[in-house]
Amino acid sequence: MSKKLTKQVMVGNVAIGGGAPIAIQSMTNTKTINIAATLQQIHRLEAAGCEIIRISLPDEPSVKAFKQLKKEAQAPLVADIHFRWELAVAAIKAGADKVRINPGNIKDKDGIKKIVATAGLHNIPLRIGVNAGSLSDIIRDSDLANAEKLVVSALESVALIESMGFTDLVISAKTFSVPEALTVYRTLAAKLDYPLHIGITESGTKKSGSLRSAVGLGILLSESIGDTLRVSLSADPVEEVYVAQQILQILELRRFHPELVSCPTCARCDIDLIPIANELEERLSASRAPLRVAVMGCVVNGPGEARQSDIGIAAGKGRGVLFKDGRIIKNVAEENFVDELMKLVQKEKPE
Ligand code: SF4
């Protein structure tokens, strides 16, 4: 996958675009003014591998809390601002590493000028974050197709901010519809040299939203479109990080956790493989070892797959053969599969 090099922007110490690894973002869903709860979520996101964390600042007390959060957070913090330019200016002064603005809902052009001037002064980037649900009235009521509305809105906002002499930008234009998102991001990637923040907005619950995001973002990433991503789920934001990591890992763009190979089971399977695979997946998600780990239900594909993986078990009746690097290590009882595999995983160094 050869990638068109975009301009690079820095969000705190994290580079976006210009050949940098595709950065994973998420967003807190606590009340920002509840500093303790928000900080706890920030730390959980950091521990899960979230590289950039966005926080909603709907009012002045939230900006005040944001200033406090900035002192404690390790990851760069992005202020998410709608409607009021004064909050964006205050957030930049409070130490925001980037501000996401939605020009569709900031009507005061002088206000946008003030945001841009303050961002320039503090040397931080802005994200133009267009969303299908919050387009400007003129664009929303136009006869354009939905995808076109998003593209026009993003391009108009880029032109407006460029006309103010500011180019430290990241662009997003999100919609729930995957076909629309593909059209929008393909068009923006062809027209702009700014890094693109990709996401399928309001994509649903952990299950449906993960699938929707994986399909949409997977297609874009496979076309080398996207420099940073957020998976947006109606769920604990830590889940978003895990799904984003999985999408990048499955496309072999980045590596985060060991990969699990497990068979779907069938009449040949003589062990209770599904709970074993689930427990193994859970425990592997805490490891950073760059491994492929297999647990297979029988001797049909089991030995071959277990051999091809770094570590694997091919099961028989209530027992299995443990392989490492293609060689048989020993025979293991079914109840010890996970522990024996994890012992070998833990001996590997993280990448
Ligand atoms: S590996 Fe064996 S048990 Fe698993 S699906 Fe294939 S044939 Fe069935």
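Residues numbered from 1 in each chain as written. Predicted model: local features only at pLDDT ≥ 70, side-chain atom pairs only at ≥ 80, totals over all residues. Heavy atoms only, no water.

Draft legend 1. Structural context of the overall build of the chain. In terms of regular secondary structure, the chain is built from 12 helices and 15 strands. Here the C-alpha coordinates of the chain stretch approximately 75 × 45 × 30 Å along the principal axes. The burial tally for the chain puts 52% of its 351 residues in the buried class. For the chain, the share of sequence-separated contacts (at least 6 apart) that also reach a separation of at least 24 residues comes to 63%. Accessible area for the chain stands at about 15800 Å²; split by element, carbon and sulfur atoms hold 52% of it. Across the chain, the mean location of the 43 positive side-chain charges is 2 Å away from that of the 41 negative side-chain charges. (Helix = DSSP H or I, 4+ residues; strand = E, 2+ residues; numbered from the N terminus. Buried < 20%, exposed > 50% of the residue type's maximum accessible area, 1.4 Å probe, protein only. Contact = heavy atoms within 4.5 Å. Areas by Shrake-Rupley, 256 points an atom, 1.4 Å probe, with all protein chains shown as cover. Lys, Arg positive; Asp, Glu negative; His and termini not counted. Charge placed at Lys NZ, Arg CZ, Asp CG, Glu CD.)

Draft legend 2. Broad picture of the environment of His43. Along the chain, His43 falls in helix H1 (residues 35-48). In sequence terms His43 and Gln74 are 31 residues apart; their C-alpha atoms lie 8.1 Å from each other.

Draft legend 3. Structural view of the sheet that holds strand S13 (residues 311-315). Across the sheet, which stays open at both edges, the 5 strands sit in the order S11-S12-S13-S14-S15 with mixed pairing between neighbours. Unpaired on one side and paired on the other, strand S11 (259-262) and strand S15 (327-333) mark the two borders of the sheet. For this sheet, the mean inter-axis angle between neighbouring strands, taken without regard to orientation, is 20°. Relative to strand S14 (residues 319-324), S13 runs antiparallel, the two being bridged by 5 bridges. Of the residues in S14, the one forming a bridge with Ile313 is Leu322. Sitting on the sheet, helix H10 (residues 273-284) is in contact with S11 and strand S12 (292-296), with an inclination near 165° to S12. (Pairing = 2+ DSSP bridges. Axes fitted to C-alpha atoms, helices over the stretch in contact; angles between N-to-C directions.)

Draft legend 4. Up close: the environment of Gly165. Inspection of the secondary structure assignment puts Gly165 in the loop between helix H6 (146-162) and strand S8 (169-174). Gly165 sits in the exposed class, given a relative accessible area of 67%.

Draft legend 5. Layout of the side chain of Glu334. Looking at the secondary structure, you find Glu334 in the loop between S15 and helix H12 (337-347). The contact partners of Glu334, leaving out residues within four places of it in the chain, are Asp270, Ile271, Asp272, Ile276, Gly318 and Arg319.

Draft legend 6. The arrangement of the nonpolar core in detail. Counting 73 residues, the largest nonpolar core has Val99, Ile171, Leu188 and Leu229 as the members making the most contacts within it. Considering each element in turn, this core owes the most residues, 7 residues, to helix H7 (residues 178-191). Discounting residues that sit within four places of it in the chain, Leu229 has contacts with Ile22, Ala23, Ile24, Gln25, Ile198, Leu217, Leu221, Ala244 and Leu248. If you look at the next biggest cluster of nonpolar residues, it comprises 26 residues, including Leu273, Ala277, Leu280 and Val338. (Core = buried A, V, L, I, M, F, W, Y, C linked by side-chain atoms within 4.5 Å.)

Draft legend 7. Structural context of unusual backbone geometry. Positive phi is not limited to glycine here, since Phe83 has a value of about 70°. Tracing the chain through its elements places Phe83 in the loop between strand S5 (77-81) and helix H3 (85-93). Owing to a relative accessible area of 59%, Phe83 belongs among the exposed residues under this scheme. Non-glycine residue Asn123 carries a positive phi angle of around 55°. Here Asn123 is to be found in the loop between helix H4 (109-122) and strand S7 (126-131). Assessed through its relative accessible area of 63%, Asn123 is described here as exposed.

Draft legend 8. Representation of the pattern of salt bridges. Summed over the entire model, instances satisfying the criterion amount to 20 salt bridges. Between Arg44 and Asp236 there is a salt bridge, and its shortest N-O distance comes to 2.4 Å. In this pair, Arg44 sits in helix H1 while Asp236 sits in the loop between strand S10 (228-230) and helix H9 (237-250), placing the two residues 192 residues apart along the sequence. Given a relative accessible area of 37%, Arg44 falls into the partly exposed group. For Asp236, a relative accessible area of 30% corresponds to the partly exposed category. Residue Asp80 is joined to Arg54 by a salt bridge in which the shortest nitrogen-to-oxygen separation is 2.6 Å. Highlighted residues: Asp80 in strand S5 and Arg54 in strand S4 (residues 52-56), separated in sequence by 26 residues. Comparing Asp80 with Arg54, the two get one shared label, buried. Overlapping salt bridges, with partners in common, bring together Arg54, Asp80 and Arg100 in one network. (Salt bridge = Lys/Arg side-chain N within 4 Å of Asp/Glu carboxyl O.)

Draft legend 9. Spatial organisation of the sheet that holds S10. Strand order across the open sheet formed by 8 strands is S8-S7-S6-S5-S4-S3-S10-S9, with parallel pairing between neighbours. Both outer strands of the open sheet, S8 and strand S9 (197-198), are each paired with one neighbouring strand and no more. When strand S3 (residues 23-27) meets S10, the two strands line up parallel, connected through 3 bridges. When the sheet's bridge partners are listed, Gln25 is paired in S10 with Arg230. Where H3 meets the sheet, its contacts fall on S5 and strand S6 (98-101), and the angle it forms with S5 comes to roughly 165°. Across the sheet, H6 is in contact with S6, S7 and S8; its angle to S7 comes to roughly 155°.

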